[in-house]
Amino acid sequence: MYKLTGDFHTHTIYSRGYKKKGTHAKGTIQENVEAAYRLGLDTIVLSEHGPGHYLYGLRVKDLPQIRNEIMRLREIYEPKGLKILLGLESNIVGLDGELDIDDKIIDQLDILLMGYHYGATPVGFTDAVGLYWTTQIGKLIGSREDHARDIMTQAYLKAMERYPIDIITHPGSKAKVHIREVAEGAVKTNTALEISSKHDELSVESLKLIKDIDVKLYIDSDAHEPERVGDIVKGLNKALEADIDFSRVQNMIWED
Ligand SMILES: [Zn+2]
Ligand SMILES: [Zn+2]
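Residues numbered from 1 in each chain as written. Chains lettered and ligands numbered in written order. Predicted model: local features only at pLDDT ≥ 70, side-chain atom pairs only at ≥ 80, totals over all residues. Heavy atoms only, no water.

Draft legend 1. Expanded view of the environment of Glu98. Mapping Glu98 onto the fold places it in the loop between β4 (83-91) and α3 (103-106). Taking the relative accessible area as the measure of exposure, Glu98 reaches 25% and is therefore partly exposed. (Helix = DSSP H or I, 4+ residues; strand = E, 2+ residues; numbered from the N terminus. Buried < 20%, exposed > 50% of the residue type's maximum accessible area, 1.4 Å probe, protein only.)

Draft legend 2. Broad picture of the coordination of the zinc ion (ligand 1). In this structure, Glu89 (OE), His117 (NE2) and His170 (NE2) serve as the protein donors to the zinc ion (ligand 1), at separations of 2.2 Å. One chain supplies every donor for the zinc ion (ligand 1), spaced along it as E-x27-H-x52-H. The distance between the zinc ion (ligand 1) and the zinc ion (ligand 2) comes to 3.4 Å, and Glu89 binds to both of them. Residue Glu89 is found in strand β4, and its partner His170 is found in the loop between β6 (167-168) and α6 (179-188); the two are separated by 81 residues along the sequence. Note on Glu89: relative accessible area 0%, which makes it buried. By relative accessible area, His170 is classed as buried at 0%. (Donors = N, O, S within 2.8 Å, 3.2 Å for Na, K, Ca; no water.)

Draft legend 3. Expanded view of the pattern of salt bridges. This model, assessed by the stated rule, comprises 10 salt bridges. Between Arg67 and Asp110 there is a salt bridge; the shortest N-O distance is 3.7 Å. Note that Arg67 is positioned in helix α2 (residues 63-77) and Asp110 in the loop between α3 and β5 (111-115), a separation of 43 residues in sequence. We note a salt bridge from Glu78 to Arg74, for which the minimum N-O separation is 3.8 Å. Residue Glu78 is classed as partly exposed on the basis of its relative accessible area, which comes to 36%. Taking relative accessible area as the criterion, Arg74 reaches 17% and is therefore assigned buried. One network of salt bridges, with partners in common, ties together Arg67, Arg74, Glu78 and Asp110. (Salt bridge = Lys/Arg side-chain N within 4 Å of Asp/Glu carboxyl O.)

Draft legend 4. Region of interest: the pairing of strand β2 (residues 6-10). Of all 5 residues that make up β2, 5 are buried, and the element is covered over most of its length. Sheet analysis places β2 next to strand β3 (residues 43-49), joined by 3 bridges and oriented parallel. Bridge pairing in β3 places Thr10 opposite Leu46. (Pairing = 2+ DSSP bridges.)

Draft legend 5. Seen up close, the packing of aromatic side chains. By the definition in use, this model includes 4 aromatic pairs. Judged by centre distance (5.4 Å) and plane angle (35°), the rings of Tyr2 and Phe246 are tilted. Of this pair, Tyr2 sits in strand β1 (residues 2-4) while Phe246 is found in the loop between α8 (233-242) and β9 (252-254), placing the two residues 244 residues apart along the sequence. Pairing Phe8 with Tyr218 gives two aromatic rings, centres 4.8 Å apart and planes at 55°, and the pair type is tilted. Taken together, the residues span a long stretch of sequence, with Phe8 in strand β2 and Tyr218 in strand β8 (residues 217-220) at a distance of 210 residues. Across the pair, exposure class does not vary: Phe8 and Tyr218 are buried alike. (Phe/Tyr/Trp six-rings, centres within 6.5 Å; stacked < 30°, edge-to-face > 60°.)

Draft legend 6. Spatial organisation of the nonpolar core. Of all hydrophobic cores here, the largest spans 61 residues; its most connected members are Val33, Ile84, Leu99, Tyr156, Leu193, Leu217 and Ile244. Those residues in contact with Val33 that sit more than four places away from it in its chain are Ile44, Leu46, Leu73, Tyr77, Leu82 and Ile84. Among the nonpolar cores identified, the runner-up in size contains 8 residues, and Val45, Leu85, Ile111 and Ala192 belong to it. (Core = buried A, V, L, I, M, F, W, Y, C linked by side-chain atoms within 4.5 Å. Contact = heavy atoms within 4.5 Å.)

Draft legend 7. Seen up close, the sheet that holds β2. As summarised here, the arrangement of the 7 strands in space is β2-β3-β4-β5-β6-β7-β8, forming an open sheet in which the pairing is parallel. The open sheet has two edge strands with one neighbour each: β2 and β8. Its contacts with the sheet put α2 on β3 and β4, and the angle it makes with β4 is roughly 150°. (Axes fitted to C-alpha atoms, helices over the stretch in contact; angles between N-to-C directions.)

Draft legend 8. Fine view of the pairing of β5. Taking burial as the measure, the 5 residues of β5 include 5 buried ones, the bulk of the element. Of the two faces of β5, both are covered, the one formed by Ile111, Leu113 and Gly115 as well as the one formed by Leu112 and Met114. Direction of pairing for β4 relative to β5: parallel, over a ladder of 5 bridges. Along β5, the bridge assignment pairs Ser90 with Met114. Bridge analysis of β5 against β6 gives 2 bridges, and the strand direction is parallel. Within β6, the position partnered with Leu113 by the bridge is Ile167.

Draft legend 9. Geometry of the side chain of Lys238. Positionally, Lys238 belongs in helix α8. Despite its burial, Lys238 pairs with no opposite charge; the closest candidate is Asp200, at 5.9 Å N-O. Filtering out sequence-adjacent residues up to four positions away, Lys238 remains in contact with Ile195, Ser196, His199, Asp200, Glu201, Leu202, Ser203, Val204 and Leu207. (Lys, Arg positive; Asp, Glu negative; His and termini not counted.)

Following this line, the structure appears as structure tokens:
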């Protein structure tokens, strides 16, 4: 039987943008960690939204506090067998694959996630047209959708080349990509793709399309409240339906 070993994508009250704490994601770091411990997981990743997201993003000035809280909890939970990692779900904000973080932030992280979200501030006007206008408007008028898909795919590939991204979250959700090209780029750069339990992608259809590509996968919760930490039912069902090779899933192990 395959068993979940870790949840590599969870949010806390620090994902808040300019809003009050707790209006986007509900739990504290400690609550997510406690939930993971109760489930018997080996690893929990705290991965707030990147600072470029004006509604949900982490405030950079909160990072030391988050780090300290994680250090404090490590002393309690690491001897009990739970690894606590500081991650970040950075935003892709440029056509050239630019992310909303710099090396100073990356150096503080244990693991780097990256996703595309509406509401992350684009780097420049051209990028705004390319990534945001095209993808949104493309949906309405149809004819530009292929163009938008090409643009997003190239941006993802460039981001993987430029940054040490460990996991791409919900690839293809919110903006479509050529998933085979993204998966091939991910293999080359040793990046994993996420089977989201919150968003549609990777979908059963996408998983079938990349079945023959040996890309690493994670099935994560993308929990925005402690009750959902480790809840990967939706992702797991998609993986089962697509009949993927579970040895590719990095956060599951086989146990007799
Ligand atoms: Zn996301
Ligand atoms: Zn997320």
